[in-house]
Amino acid sequence: MISETVIFGIDPGKQGAICMIENGDKITIEDMPKGVGYPEPATTVQLIKDMVWGRDSIIAIEMTFVMPKSGATAMHHYGIGYGTCIGAAYMMDSVKMLRTIRPQVWQTDIWSVYGAHGEDTKQRTFQAMCRAWAGNPIIKELTTARGKLLDGRSDALGIATWIRDVERGSIK
């Protein structure tokens, strides 16, 4: 059942990414196409269409709200990326389920299942993904050659891992 379904996790932010898990452990991560302050809508829709087209899919898209020191402009830009991803997902006939998920929910679940400690939420997610996907070459794609964390990629993988685990029943 789950092995035939392609799992997608999407962080629709400016530095976000789209993660696809196929056949249980084949992982592809694509950065969100860059626009002016937000993901470029037409290219984002095309990327989602290319990745999803004709595949039974389950998609989870991160949904966030205004945070302290996060201005109205930043939330407007985030909303454009979020709305573009939702619209693109609804266009696909092969999408079996679409879920929007708050970061506090998927992060708490992932951190508790795979173990992650510390104050920095981005580092905690990276720790959890290193444990969840130990030995998978995708881990190398979550940082730059100099070791800088690509947190949009890490978050997209975390979201995809979360929805996979929810579907398997290992997260309630």
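The structure contained in this document is the topic of the report that follows. Just so you know, these numbers come straight off a predicted model, no measurement behind them.

1. Details of the overall build of the protein
- When helices and strands are counted, the protein shows five helices and five strands.
- Along the chain direction, N to C, the helices and strands of the protein fall in the order β-β-β-α-β-α-β-α-α-α.
- For the protein, restricting intrachain contacts to residue pairs at least 6 apart in sequence, the fraction spanning at least 24 positions comes to 61%.
- For the protein, the exposed surface amounts to about 8,700 Å²; the carbon and sulfur share of it is 54%.

2. What to know about the nonpolar core
- Counting residues in hydrophobic clusters, the biggest one holds 30 residues, and the most contacted among them are Cys19, Ile27, Ile29, Ile110, Leu157 and Trp162.
- The leading source of residues in this core is helix α5 (residues 151–168), at seven residues.
- With sequence-adjacent residues up to four places away left out, Ile27 is seen in contact with Cys19, Met20, Ile21, Trp133, Asn136, Ile138 and Leu157.
- Counting 18 residues, the second largest nonpolar core, distinct from the first, contains Met20, Val52, Ile61 and Ile86.

3. Topic: helix α4 (residues 121–132)
- Spanning twelve residues, α4 covers 16 Å between terminal C-alpha atoms, matching the ideal 16 Å at 1.5 Å per step.
- Within the sequence span of α4, burial applies to Arg124, Thr125, Phe126, Ala128 and Met129.
- Looking at the buried side of α4, the elements it contacts are α3 (103–114) and α5.
- Measuring from the backbone nitrogen of Lys122 back to the side-chain oxygen at the start of α4 gives 2.9 Å, which picks out Asp120 as the cap.

4. Overview of the pattern of salt bridges
- Under the definition given, this model contains seven salt bridges.
- As a salt-bridge pair, Asp151 and Lys122 come within 3.8 Å of each other at their nearest N and O atoms. Of the two residues, Asp151 is situated in helix α5 and Lys122 in helix α4; the sequence distance between them amounts to 29 residues.
- Take Asp151: its relative accessible area is 27%, and that puts it in the partly exposed class.
- Judged by relative accessible area, Lys122 falls into the partly exposed class, the value being 29%.
- The shortest N-O distance in the salt bridge between Arg153 and Glu141 comes to 3.4 Å. Highlighted residues: Arg153 in helix α5 and Glu141 in the loop between α4 and α5, separated in sequence by twelve residues.
- For Arg153, a relative accessible area of 12% translates into the label buried.

5. Quick notes on the side chain of Arg124
- Tracing the chain through its elements places Arg124 in helix α4.
- Comment: no salt bridge for buried Arg124; closest opposite-charge side chain is Glu119, at 6.7 Å.
- Ignoring any residue separated from it by four or fewer positions in sequence, one finds Arg124 in contact with Trp111, Ala116, His117 and Gly118.

6. What to know about the sheet that holds strand β2 (residues 17–22)
- Strand order in the open sheet formed by five strands is β3-β2-β1-β4-β5, and the pairing between neighbours is mixed. Edge positions in the sheet fall to β3 (26–31) and β5 (95–101), since each of these pairs with one other strand and no more. Sheet twist, expressed as the average angle between the axes of neighbouring strands with direction ignored, equals 15 degrees.
- Judged from the five bridges that link them, strand β1 (residues 6–11) and strand β4 (residues 57–62) form a sheet pairing that is parallel. Looking at β4, one finds that Phe8 is bridged to Ile59.

Rules used in this analysis
Residues numbered from 1 in each chain as written. Predicted model: local features only at pLDDT ≥ 70, side-chain atom pairs only at ≥ 80, totals over all residues. Heavy atoms only, no water. Helix = DSSP H or I, 4+ residues; strand = E, 2+ residues; numbered from the N terminus. Contact = heavy atoms within 4.5 Å. Areas by Shrake-Rupley, 256 points an atom, 1.4 Å probe, with all protein chains shown as cover. Core = buried A, V, L, I, M, F, W, Y, C linked by side-chain atoms within 4.5 Å. Buried < 20%, exposed > 50% of the residue type's maximum accessible area, 1.4 Å probe, protein only. Expected span 1.5 Å × (residues − 1). Polar contact = N/O pair within 3.5 Å; in protein donor to acceptor, adjacent residues only side chain to side chain. Salt bridge = Lys/Arg side-chain N within 4 Å of Asp/Glu carboxyl O. Lys, Arg positive; Asp, Glu negative; His and termini not counted. Pairing = 2+ DSSP bridges. Axes fitted to C-alpha atoms, helices over the stretch in contact; angles between N-to-C directions.

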